Amino acid sequence: MLKIIIYCKSILFTVFIFICLNVSAQNIASQLIKRCSVKTLNYEQGLSNNSTNNIITDALGFTWVSTKTGLQRYNGYALETINPIIDKKVIPINAPVYFFGLQNGLIWMSYKEGVLEYDARKNSFRKILSLPGSGNLNFLIIPFKETSKGIFCMQFNKGIVLYSLQGKLIETPSEVPGSFLKNIFNAGEILPNKILALNKNSIFIYNGRDSIQQINFQTHAVNYIIAKNINCFTCSDNFLYSVSNNQITIINIEDKKLYKNISLENFIRGNLIGAAIYLNENGTVLISLNNHLFGFDANGIYKYEFTDLNRNPFAAQGFIRMIYTDRFKRIWLLTNDDIKRIQNANIPFEHFIYSGSNNNFIRSIYYDEEKHVLLAGCYNGGIQLYDTSGNALWEYAVSSQNVKDINAIEKLTGDEYLIETIGNGWYILHLSTKKITPFFLDEKIKKNINTSAINFLNNLQRINDSTIFIANKYNVFNCIFKNERLVSAQPLLPFNATVSNEISCFIYASDKSLWVSTVSGLVYRLGKSKELQTFSIAGNYEIRSLAEDAQQNIWIGSDKGLYVYNLAGTPLKSFTVQKGLLNDCIYALLPVENKAAVFASSNLGLSYVSLDGKIINYTKESGLQENEFNTGSAIKTVNGKFYFGGVNGITSFYPSSLSNIKDKPVLNVTKFIINDSLYNFLSLMKHDSIQLNYVQNHIQLDFAANGLFNANEYEYTYRLSGFEQNWQTTHQPTGIKYVLGPGTYSFEISCRPIFSSANIFKKTITIIISPPWWQSLWFRILMALIFIAAIALIVRQFFHKQFQKKLRTLKLQHEIQLERERISRDLHDNLGAYAAAIASNVATIKSFENGKEEKIFHQLKDNSQSIINQLNDTIWALNKEAISLTAVSDRFKVFLQKIQPNYPGIQISIEENILLDEKLSPTNALHLFRIMQEGVNNALRHSKCNEIFIKIVSDDHWKIMIRDDGIGMKDIHASNNGGNGLQNIQMRSEEAGWQVNWKETSPKGTELIIYTNTN
């Protein structure tokens, strides 16, 4: 009987699901969709005018946009207004431009005055064709087809013409009726696929009323296709696709017959206000109807609608004017208000959401492996039900007054599910009938477990068919169920947690150990043998999630980082924002199959974290429900699909699909500044290197990766080799500044999409800073020659000084010889006289009678002593290299002491004031001593004085005064009878270079002054 009941319930549920799916299929909003990431470019990104009419992507990935007021280029971050420069002359562009891409990567830009050619690899323009202006026409020529012969163009007043790549007119192969030309060139702007389209053989031109003209490039044959009220059209080699006010029409080009009509009522409601069409390289026909974008295959079979990540049309209102796809799989939409940049790639993340509900705050998730449905418990929103494709199976979430804050869901029987609420106890959901009833608890069991004491935690884990571990704030309970009834509930911890340290989450590990965490960061590990281990995470922050990976490591997600322990409780590693996480607050964890890694949801997105340190981050821009997720809201299915609940629904994905996104971006320098001046970087480049002079050493670089993703959705790593050792990592490499010295540097930069593990793309630029002229090779050679010359000069000067020294030595020897001769003369003149006197004394002694010898003996003694004194004075002078003035003074004092007893009636005094003791040569010292001797002797012998005063002064210059109070001298310099003594004084002073003066003093006496010549 029980089996029959279960079988019947299963049939009812299947019917219920079938009805739900059919109702959903009838709703136009539930058609197949392709969610894409989209970036809007408007005035905030620099769009100069919202009336855009043409777009193209160049060889380096920069996208050019034509607006009503001119030409702009998108560098990955912003739109820049471009005015071409040719031969240093600026060509102002203030009207629409028509783009035509050549096979060699160059772009022809048709404007009012002709055609310009742009080379992206050199970032340079050249003029291809100049045409005379004609009234208010924005274009006089439209290039549309490149062949081996040249470029086919449509030219005003000429028809279809052929130009060479150099802009030379080759031929005019076909005339176009004037009505067609007038319709095209008077349109004011030319939107591709509005009035012309082409395939490999022909060009198709719409006359604006009732027909399309087909002109064959090879045969020049002309055919007409009937077409009325066409809004836009395009063609392949086989079909012509057009959109009118009420239908999409496909015509076979070969037989001109109708192939298919598709009513617009299937896609839009109301009138058509704008449409555009585009056939991309893989054969997909993109058609915009008002603000919606749809994809069809080449046979007109509908594939899906393109939407943003939240399933909304790309344009919130208005319509799409033009569609364009580039080689990076990006779709560009020109709307009536802005530009949309769409990543045309399969988003690996699915988004489950009740679009009609104002509450998609998912608190808990349960996936039924038997029924293949997903139940989601909301906070203040009840219970939602989805199929595996993310379709909502109920029109509204199921809830009641007490059953709206859903904390956990677990299946009990084929149709009954345990619903745990926050603060309101347990309930049973009967899925097929959508009824919710209170869960019956035996009074005895109620005493063991308080089902209302539920924290905002991850508190439920199925152990086997009948056992579920369930936690409340104070303990973890081993709950045994039989069908939908709770048989027993036994606490597993040997104590109850306190109010201040409530349980936050738990996990029952593969080694049968129980890990229980608390709001204060405390972790209890209850081993298989019931041994209890306690430890805390750093900072004691609240723990929100626990998970065990494939290598049996326990991951702990807290309010402040992610921590990893082994099963024994030993810490292994920690992860924070500083190590690459999006946010430190970790909400939920799911382990990755066969890896020591987890996916972690947070406040700012989702992160793949591996124990080896690898981190890949995902945000709303990559397809998540939102950046903010919810505590413990995550589940993994048997087939490996992950579900994470957040504030705006559920994000679902297979981890293996995240690395399938293919992308080949181009790394470009978007701005290059030297010393605060903007430069054309590509024009400076030569073979991936750039050379600057030494004053151009303040540089700034901005980089961008132009690829499938937005520029800031890549992770960039860079360094300037030769300047820095460490690598820098950023998501927006702008404002990179360096101040460089002379040398050669290598700027190395690489990028990879932050949302996948795709290949890393690299670029290297060599920067050469030339040295200043004084550091150049020729200057160094010159300096070397000057150095050698300087050394030679120094050596020459050295030998010259040695030579001069030798000359001085010879001169000194000569002077010594002269001094010897002078001394000989002195000895002869002075000592000779004394010797002669002695000889005379001896002769006299012999002739004298006895008794008269005493006087002669005294004279003989005096003469002998004089000889000795003269010799001592001479030896004293010659024995020294230099003699100080003080030494002369001291010697003179000794002389005075010796002669003083011979003149008892005369008082001799001397005063000495020597502040700067001057050094004298031996000759000059002897001259000075003799002059002083002579001055005193003259005073003693001739002045009849009673007192002699001598004063010796030396400061900056020296001066010696000898003054007596005798009879004085009368005009000593005018007299020829000055005596030998005075002449000797004069001669000695002149030889030494001194001045000597005699003057009479008042009232009587004479003063002799000897002093140095100060001139």
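Remember, it's a predicted structure, so these values are computed and weren't measured experimentally.

Caption draft 1: Quick look at unusual backbone geometry. Geometrically, the link from Ser-1002 to Pro-1003 is a cis peptide bond, its omega value of 5° lying close to zero. With respect to the secondary-structure elements, Pro-1003 resides in the loop between strand E73 (994–1000) and strand E74 (1006–1012). Even without glycine at this site, Asn-193 takes up a positive phi of about 70°. Tracing the backbone shows Asn-193 in the loop between helix H2 (178–185) and strand E17 (196–198). Despite not being glycine, Lys-329 has its phi angle at roughly 65°, a positive value. Take Lys-329: it is sitting in the loop between strand E29 (320–325) and strand E30 (330–335).

Caption draft 2: Here's a closer look at the sheet that holds E74. Spatially, E69-E71-E72-E74-E73 is the arrangement adopted by the five strands of the open sheet, whose pairing is mixed. The outermost strands of the open sheet, each flanked by one partner alone, are strand E69 (907–914) and E73. Within this sheet the neighbouring strands show an average axis-to-axis angle of 10°, counted without direction. Direction of pairing for E73 relative to E74: antiparallel, over a ladder of seven bridges. Paired with Trp-998 across the bridge in E74 is Leu-1008.

Caption draft 3: Inspection of the pairing of strand E47 (residues 532–536) at higher detail. Of the strand pairs in this sheet, strand E46 (residues 522–526) and E47 are connected by five bridges, and their pairing is antiparallel. Note on E47: the bridge partner recorded for Arg-525 is Gln-533. From the end of E46 to the start of E47, which pair antiparallel, there are five residues, and Lys-530 there has a positive phi angle of about 70°.

Caption draft 4: Structural detail: the confidence of the model for the protein. Per-residue pLDDT for the protein averages 86, and the proportion of residues at 70 or more is 87%. For residues 1–30, every residue scores under 50 in pLDDT, and the model assigns this stretch 20 contacts once sequence neighbours within four places are set aside. In the predicted structure, residues 971–977 sits below a pLDDT of 50 and forms five contacts with residues beyond four places in sequence or in another chain.

Caption draft 5: Spatial organisation of the nonpolar core. Phe-599, Tyr-618, Phe-644 and Phe-747 are the most contacted members of the largest nonpolar core, which has 57 residues in total. With five residues, the single largest contributor to this core is strand E62 (residues 698–706). In terms of nonpolar packing, the next biggest core, distinct from the first, is built from 46 residues, Leu-47, Ile-56, Ile-91 and Trp-332 among them.

Caption draft 6: Highlighting a nonpolar patch on the surface. Residues Leu-777, Ile-781, Leu-785, Phe-787, Ile-788, Ile-791, Ile-794, Val-795, Phe-798 and Phe-799 make up a contiguous nonpolar surface patch of roughly 1,000 Å² in combined accessible area. Residue position: Leu-785 is located in helix H5 (residues 777–847).

Caption draft 7: Representation of the side chain of Asn-697 in the model. Structurally, Asn-697 can be placed in the loop between strand E61 (689–692) and E62. At 3.0 Å, the side chain of Asn-697 forms a polar contact with the side chain of His-698. Once you skip the residues sitting within four places of it in the chain, Asn-697 turns out to touch Asn-675, Tyr-738, Val-739 and Leu-740.

Caption draft 8: A look at the side chain of Gln-343. Note that Gln-343 resides in strand E31 (residues 339–343). Taking the relative accessible area as the measure of exposure, Gln-343 reaches 4% and is therefore buried.

Caption draft 9: Structural view of the packing of aromatic side chains. Inspection of every chain in the model, using the stated rule, returns 54 aromatic pairs. Ring geometry for Tyr-74 and Trp-332: centres 6.2 Å apart, planes at 75°, overall edge-to-face. Residue Tyr-74 is found in strand E5 (residues 70–74), and its partner Trp-332 is found in strand E30; the two are separated by 258 residues along the sequence. For the pair Tyr-74 and Trp-332, one class covers both residues: buried. Grouped by ring-pair contacts, the aromatic residues Phe-349, Phe-599, Tyr-608, Tyr-618, Phe-629, Phe-642, Phe-644 and Phe-653 constitute a single cluster.

Caption draft 10: Molecular detail of the pairing of strand E72 (residues 958–964). Across the seven residues that make up E72, a large majority, five, are buried. Across seven bridges, the pairing between strand E71 (residues 947–954) and E72 is antiparallel. Looking at E72, one finds that Val-953 is bridged to Lys-959. The turn joining E71 and E72, which pair antiparallel and follow one another in sequence, is formed by three residues. As paired strands, E72 and E74 are joined by six bridges and run antiparallel to one another. Residue Ile-960 lies in a different strand from E74, and its bridge partner there is Ile-1010.

Caption draft 11: Local environment of the sheet that holds strand E36 (residues 406–411). Read across the open sheet, the four strands follow the order E36-E37-E38-E39; overall the sheet is antiparallel. With one partner strand each, in any of the chains shown, E36 and strand E39 (435–438) form the two edges of the open sheet. Strand-to-strand twist in this sheet, taken as the mean axis angle between neighbours without regard to direction, amounts to 30°. Of the pairings in the sheet, the one linking strand E38 (residues 426–430) to E39 comprises four bridges and is antiparallel in character. The residue bridging Tyr-427 from the neighbouring strand is Pro-438, located in E39.

Quick notes on the rules
- Residues numbered from 1 in each chain as written.
- Predicted model: local features only at pLDDT ≥ 70, side-chain atom pairs only at ≥ 80, totals over all residues.
- Heavy atoms only, no water.
- Helix = DSSP H or I, 4+ residues; strand = E, 2+ residues; numbered from the N terminus.
- Pairing = 2+ DSSP bridges.
- Axes fitted to C-alpha atoms, helices over the stretch in contact; angles between N-to-C directions.
- pLDDT = per-residue confidence, 0-100.
- Contact = heavy atoms within 4.5 Å.
- Core = buried A, V, L, I, M, F, W, Y, C linked by side-chain atoms within 4.5 Å.
- Buried < 20%, exposed > 50% of the residue type's maximum accessible area, 1.4 Å probe, protein only.
- Patch = residues over 30% accessible without salt bridge, like charges linked within 9 Å, V, L, I, M, F, W, Y side chains within 5 Å.
- Areas by Shrake-Rupley, 256 points an atom, 1.4 Å probe, with all protein chains shown as cover.
- Salt bridge = Lys/Arg side-chain N within 4 Å of Asp/Glu carboxyl O.
- Polar contact = N/O pair within 3.5 Å; in protein donor to acceptor, adjacent residues only side chain to side chain.
- Phe/Tyr/Trp six-rings, centres within 6.5 Å; stacked < 30°, edge-to-face > 60°.

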